[in-house]
Amino acid sequence: MTDHAHDPAAAAPADDLAAAFQIEGWPVRGRIVRLGETIDAILSAHAYPEPVAALLGEACALAALVGSSLKFEGRLIVQAQGDGPVRYVVADYDTDGHMRGYCRFDEDEVAAASQGFARPGARSLLGQGVFVMTLDRGPDFERTQGITPIEGESLSLAAEHYFQQSEQIPTRVRLAVGSVVTETGATWRAGGALIQLIAGDEARGSTEEAWDRSRALFQTLADDELLDPTVTPETLLFRLFHEDGVRLEDARALVAQCRCSRERIASVLTSFDSTERAEMIEADGKIRVTCEYCATIYELAPDEIAPD
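Residues numbered from 1 in each chain as written. Predicted model: local features only at pLDDT ≥ 70, side-chain atom pairs only at ≥ 80, totals over all residues. Heavy atoms only, no water.

## Some points on the confidence of the model for the chain
Here comes step 1: When pLDDT is averaged across the chain, the result is 87; 92% of the residues are at 70 or more.
Here comes step 2: Throughout residues 1-13 the model reports pLDDT below 50, and contacts reaching past four residues in sequence, or to other chains, amount to 25 contacts. (pLDDT = per-residue confidence, 0-100. Contact = heavy atoms within 4.5 Å.)

See below:
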């Protein structure tokens, strides 16, 4: 998909997508993500408190921003864990555009951290901890992982720090999550954008001036622009970079899809011995397992699980 975005009024609405963008002649590359039904499905699967849902939404938007740039088949997993009210947040994106995410948290501690006027951010919720990105190229390859301390109050800042420390790439990230009221009720939305500096060389010369300018324009990007379903990605980019020309490229669809299945659950249960499985059997003779990601409940008869 390529659109020079010179006529934003003619741009068709687009949602649940990740795409690259290029500013004409600038040594800067970027990506944009818009999430509607996809993020609403992920966040609505659990009764998350609002700050926890927002944190997970940011993690999902970030996973799609970075994962959609992968040049190989596999998964990108974004996670953060610490000693705060949220113990653990994880979001993963696979190169088919499938997404899922989950948060583990202490409800009372989250409520205590949410007493102020502002929504508590990543640092307040996660406390002291680490930010991790993992690339999974499948069973034939070893996973590669980068780990940095959680820096700053937001996942945006944690991601910027990660890219600076792990890859030495100057990066700016904006993430937004919020509830939007429509005719059918309130739904969750999320959005994100990322720009990165392409290093200078003899042919390109210094890139610092262009980077300073692109950062200044990028900083004007507002949360409501990332979340508004009536503002298309083309229109949003046109607002930011119209003086120089910008085009959207390589747009791909995103969808909420968990990887759990009856077969996977049965396989996990085989890792328990017969005594442990016997203790899991409920009064009606079934074993019930709930997927922590999508909250699907699986009912299995003991004889469906392979014996030890």
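The rest of the description comes next.
## Digging into the nonpolar core
Here comes step 1: Of all hydrophobic cores here, the largest spans 64 residues; its most connected members are Leu62 and Phe131.
Here comes step 2: Looking at this core, the element that brings in the most residues is helix H2 (residues 50-67), giving 13 residues.
Here comes step 3: Each residue touching Leu62, except ones within four places of it in the same chain, is listed here: Val78, Phe131, Met133, Leu155, Ala159, Val173 and Leu175.
Here comes step 4: Listed in part, the 22 residues of the second largest apolar core include Ala19, Trp26, Val28 and Ile195. (Core = buried A, V, L, I, M, F, W, Y, C linked by side-chain atoms within 4.5 Å. Buried < 20%, exposed > 50% of the residue type's maximum accessible area, 1.4 Å probe, protein only. Helix = DSSP H or I, 4+ residues; strand = E, 2+ residues; numbered from the N terminus.)

## Quick word on unusual backbone geometry
Here comes step 1: The phi torsion at Asp16 lies on the positive side, around 50°, for a residue other than glycine.
Here comes step 2: Along the polypeptide, Asp16 turns up in the segment before strand S1 (17-23).
Here comes step 3: Its identity is not glycine, yet Asp250 carries a phi of approximately 55°, on the positive side.

## Section: the pairing of strand S6 (residues 129-136)
Here comes step 1: Summarising the sheet, strand S3 (residues 75-82) and S6 pair through 8 bridges and their orientation is antiparallel. Of the residues in S6, the one forming a bridge with Gly82 is Gly129. (Pairing = 2+ DSSP bridges.)

## Let's talk about the packing of helix H1 (residues 37-44) against H2
Here comes step 1: Direction vectors running N to C along H1 and H2 enclose 135°, while the axes themselves pass 10 Å from each other. By the angle between their directions, the pair H1 and H2 is classed as oblique. Judged by the twist between their axes, the crossing of H1 over H2 is right-handed. For the pair H1 and H2, the contacting residues are Ile39, Ile42 and Leu43 in the first and Ala53, Leu56, Gly57 and Cys60 in the second.
Here comes step 2: Looking at the contact of H1 with H2 residue by residue, the class counts come to 6 nonpolar, 1 polar and no charged. (Axes fitted to C-alpha atoms, helices over the stretch in contact; angles between N-to-C directions. Parallel < 35°, antiparallel > 145°, perpendicular 65-115°, else oblique. Left-handed = near helix turned anticlockwise from the far one by under 90°. Nonpolar A, V, L, I, M, F, W, Y, C, P; charged D, E, K, R; others polar.)

## Observations concerning the sheet that holds S3
Here comes step 1: Taken in spatial order, the 6 strands of this open sheet run S7-S6-S3-S4-S5-S11, and their pairing is mixed. Two strands bound the open sheet, and with one partner strand each, they are strand S7 (144-149) and strand S11 (255-256).
Here comes step 2: Against the sheet, H2 engages S3, strand S4 (86-94), strand S5 (98-105) and S6, with an angle of about 35° to S4.

## Considerations on the pairing of S4
Here comes step 1: The buried fraction of S4 amounts to 8 of the 9 residues, a majority that puts the element mostly inside the structure.
Here comes step 2: The pairing of S3 with S4 spans 7 bridges and is classified as antiparallel. If you follow Val78 over to S4, its bridge partner there is Ala91.
Here comes step 3: Following S3, the chain reverses through 3 residues before pairing antiparallel with S4.
Here comes step 4: Two strands pair when backbone bridges link them, and S4 and S5 are joined in this way by 7 bridges, in the antiparallel orientation. Its bridge partner being in S5, Val90 is matched across the sheet by Tyr102.
Here comes step 5: Connecting the antiparallel pair S4 and S5 is a turn made up of 3 residues, with Gly97 showing a positive phi of about 85°.

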